[in-house]
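Spelled out from the first residue to the last, the chains are:
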Amino acid sequence: MTAALTRPELTAADRCDRCGAAAQVRAVLPSGGELLFCGHHARAHSEKLRELAAEIQQG
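Residues numbered from 1 in each chain as written. Predicted model: local features only at pLDDT ≥ 70, side-chain atom pairs only at ≥ 80, totals over all residues. Heavy atoms only, no water.

Student: Would you take a moment to explain the pairing of strand β1 (residues 25–28) for this structure?
Tutor: Burial along β1 is two-sided: V25 and A27 facing one way and R26 and V28 facing the other are all buried. Pairing between β1 and strand β2 (residues 34–37): 4 bridges, direction antiparallel. By the bridge assignment, V28 is partnered in β2 with E34. Hairpin remark: β1 followed by β2, antiparallel, with 5 residues in the connecting loop; positive phi at G32, about 105°. (Buried < 20%, exposed > 50% of the residue type's maximum accessible area, 1.4 Å probe, protein only. Helix = DSSP H or I, 4+ residues; strand = E, 2+ residues; numbered from the N terminus. Pairing = 2+ DSSP bridges.)

Student: For this particular structure, what's the right way to read the pattern of salt bridges?
Tutor: Side chains bearing opposite charge may pair, as long as their charged atoms lie close to each other. Within the structure shown, the criterion is met by 3 salt bridges. Among the salt bridges present, the one from R7 reaches E34, with a minimum N-O distance of 2.9 Å. Of this pair, R7 sits in the segment before β1 while E34 sits in strand β2; the two residues are 27 residues apart in sequence, bridging distant segments of the chain. Note on R7: relative accessible area 34%, which makes it partly exposed. For E34, the salt bridge identified is with R26, shortest N-O distance 3.1 Å. The network of salt bridges with common partners includes R7, R26 and E34. (Salt bridge = Lys/Arg side-chain N within 4 Å of Asp/Glu carboxyl O.)

Student: Would you mind going over the UniProt feature "domain: DUF7455" (unreviewed entry) in the protein chain with me for this structure?
Tutor: Following the UniProt record, one finds the feature "domain: DUF7455" (unreviewed entry) at residues 10–57. Segment residues 10–57 splits into 27% helix and 23% strand. End C-alpha atoms: 9 Å apart. (UniProt positions renumbered as here; feature names shortened; annotations may be inferred.)

Below is the structure:
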């Protein structure tokens with residue numbers, strides 16, 4: 001049996017890495033790292049995240 005790794009759902013305790021607002025989006029980078037963004041910063045950085053082939057997860 002192969003187990004899939006999943007990341008936990010975003011909660012009210014998760015904060016945007018740019019401004020500290022409530023996180024609404026998790027960007028999982030190909031390297032395995034992750035960034036959390038509020039809606040504003042997710043939109044502001046969406047083009048670059050696409051270039052990096054980040055997996056975007058809405059919370």
